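# Structural features, examined
Each chain is listed here by its residues.
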Amino acid sequence: MSTRILPAVGDADAARSLTTLTGQLPDAEPLAPVTDSTQLVDTLSRLAAESLDELPEVVVVHERIGPVPALELIREVALRFPAVGVVLVTSDASPGLFQAAMDHGARGLVALPLSYEELASRVQAVAQWSAGVRRHLGGERDTVTGAGGTVVTVSGAKGGAGATLTAVQLALAAQTSGRATALVDMDLQTGDVASYLDVQFRRSVVDLAAINDISPRVLADAVFRHDSGLALLLAPAEGERGEEVTDRAARHIVGALRSRYEVVVIDCGAQLGGAGAAAVEMADRALLVTTPDVIAVRGAKRTVRMWDRLQIRKAEETTVVVNRHTRSTEIQPPLIARITGTAVAATTIPAHFKELQGVVDAGRVHELEAKSTVKQAMWALAGELGLVRAADTGHKGGRLRGDRGAAGFRRRRDGTG
């Protein structure tokens, strides 16, 4: 099998030299060189649109490529085209540059002036690595069938209404029932999913914002695998970076998640931004969490009307979830349905905060006891929404078979996911 090699060299003389040498490598198929970073990315994008198999196994980047610096270009190629191995050709073969190149995603470094033996050895190793990655990605692609998973957004009528806790418990219920589930924190400035689940992390949804073609490998690198089995895509630690996630980026991200997971639960918070609006518009079910008090219900009505004005979602396509419900409150679900013009979930969440206080303060809401009436209600809501496997649902208090309150989950504090 031949190895396709794409040189990215700005200097004409260096391009001729590199093309001549790569043409002499065994089983090599040199492609026409590209002369700048833009042309390289465009070429790879065009080939990737046709098929993964159309991409070259090896890209050789010359240190003087421009206008994007070589290391930044390598990072972009590694993120957007994870099946392509990149080799940096440079006159500086110092350990510092070698480490920097590896950190940016290069698979190897070749020193100038070029040596046939060194180039052949490095290209062969990178080509073998690329072939292995393609076999892995090809197998993952085969698992994606049908129209994709179910996307559910959870928004708050106002801050503190309980949207994040609801999103977390819905996702846990789906995952525990045996459905591959992703939980996304799209509350980009003030998201608390990581705090609720006691995780520290390096990557976030922002890392996917600039990538147009989110491959399974790139997506896997961005998510955090929680001890509960949930795949977490978290809000950035620096809230101001949330602006990098545009509505267009959010659509790409949600689409990629839908193709990989059976259930995708998205916490959109109480503030509407472009990314959250795109998620709500794309969702199969859009939930709006409110408490049964005047201020929150007014907030719910205001949100529903805003979604309708912006043509994000119609009122009748929105489901209101009543949190902290008691029988004694004057505002009951039927009244909320009339005020907002929405459907109201038959399952209400009881006002038993004492059950939650310990696990919320500890950031361990996944360890909420199975006997908790709040957990039972939220997991029953997951059943009402069709997020759990019917064969695995027990109808006793909304508990799922096999759930032992998550007490056996190991505590994980490192953020390498």
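Thresholds, definitions, all that
- Residues numbered from 1 in each chain as written.
- Predicted model: local features only at pLDDT ≥ 70, side-chain atom pairs only at ≥ 80, totals over all residues.
- Heavy atoms only, no water.
- Pairing = 2+ DSSP bridges.
- Helix = DSSP H or I, 4+ residues; strand = E, 2+ residues; numbered from the N terminus.
- Axes fitted to C-alpha atoms, helices over the stretch in contact; angles between N-to-C directions.
- Contact = heavy atoms within 4.5 Å.
- Parallel < 35°, antiparallel > 145°, perpendicular 65-115°, else oblique.
- Left-handed = near helix turned anticlockwise from the far one by under 90°.
- Nonpolar A, V, L, I, M, F, W, Y, C, P; charged D, E, K, R; others polar.
- Buried < 20%, exposed > 50% of the residue type's maximum accessible area, 1.4 Å probe, protein only.
- Right-handed = clockwise from strand over helix to strand, strands pointing away.

### Some words on the sheet that holds strand E1 (residues 3-8)
On the basis of which strands lie adjacent, the open sheet formed by five strands has the order E2-E1-E3-E4-E5 and parallel pairing. Both outer strands of the open sheet, strand E2 (28-30) and strand E5 (108-111), are each paired with one neighbouring strand and no more. For this sheet, the mean inter-axis angle between neighbouring strands, taken without regard to orientation, is 25°. Here strand E3 (residues 58-62) runs beside strand E4 (residues 85-90); their pairing, made up of five bridges, is parallel. Paired with valine 60 across the bridge in E4 is valine 87. This element, helix H3 (residues 70-80), spans E3 and E4 of the sheet and lies at about 175° to E4.

### Topic: the sheet that holds strand E11 (residues 285-290)
By definition, the strands of a sheet pair up through backbone hydrogen bonds, in either a parallel or an antiparallel sense. Strands sit in the order E8-E9-E7-E10-E6-E11-E12-E13 across an open sheet of eight strands; the sheet is mixed. Every interior strand has two partners, whereas the edge strands, strand E8 (224-225) and strand E13 (343-344), have only one.

### Quick look at the packing of helix H6 (residues 163-176) against helix H14 (residues 373-384)
Across the interface, H6 lies against H14 with an axial gap of 9 Å and an inter-helix angle of 65°. In terms of their interaxial angle, H6 and H14 are classed as roughly perpendicular. Here H6 and H14 pass one another in a crossing that is right-handed. Across the interface between the two elements, Leu165, Thr166, Gln169, Leu170, Leu172, Ala173 and Thr176 of H6 pack against Lys375, Met378, Trp379, Leu381 and Ala382 of H14. Residue classes in the contact of H6 with H14 are distributed as eight nonpolar, three polar and one charged.

### A look at the packing of helix H11 (residues 294-309) against helix H12 (residues 333-340)
Orientation of H11 relative to H12, taken along the N-to-C sense of each, is 35°, at an axis distance of 9 Å. Where H11 crosses over H12, the handedness of that crossing is right-handed. Side by side, H11 and H12 meet where Val297, Ala300, Lys301 and Val304 of the first sit next to Ile336, Ile339 and Thr340 of the second. Across the contact of H11 with H12, the residue classes tally to five nonpolar, one polar and one charged.

### A few points about the pairing of E3
Counting buried positions over the five residues of E3 gives five, a clear majority of the element. By the alternation rule, side chains of E3 split into Val58, Val60 and His62 and Val59 and Val61, which are all buried. Bridge count between E1 and E3: four bridges; the pairing is parallel. In the sheet register, isoleucine 5 faces E3, and the bridge partner there is valine 58. Running through H3, the crossover from E3 to the neighbouring parallel element E4 is right-handed.

### What about the side chain of asparagine 323?
Examined against the element boundaries, asparagine 323 turns out to sit in the loop between strand E12 (318-322) and H12. Beyond its immediate stretch of four places on either side in the chain, asparagine 323 contacts Ala161, Gly162, Val289, Thr290, Thr291, Pro292 and Ile349.

### Some thoughts on unusual backbone geometry
Along the chain, glycine 66 connects to proline 67 via a cis peptide bond; the corresponding omega equals -5°. Mapped onto the fold, proline 67 is located in the loop between E3 and H3. The amide bond that connects leucine 112 to the next residue, proline 113, takes the cis arrangement and shows omega of -5°. Relative to the elements of secondary structure, proline 113 occurs in the loop between E5 and helix H5 (116-142). One non-glycine residue with positive phi stands out, namely aspartate 198, at about 55°. Positionally, aspartate 198 belongs in the loop between helix H7 (193-196) and helix H8 (216-222). With a relative accessible area of 11%, aspartate 198 lands in the buried category. The backbone of glutamine 311 sits at a positive phi, close to 60°, despite the residue not being glycine. The topology assignment puts glutamine 311 in the loop between H11 and E12. For glutamine 311, a relative accessible area of 68% translates into the label exposed.

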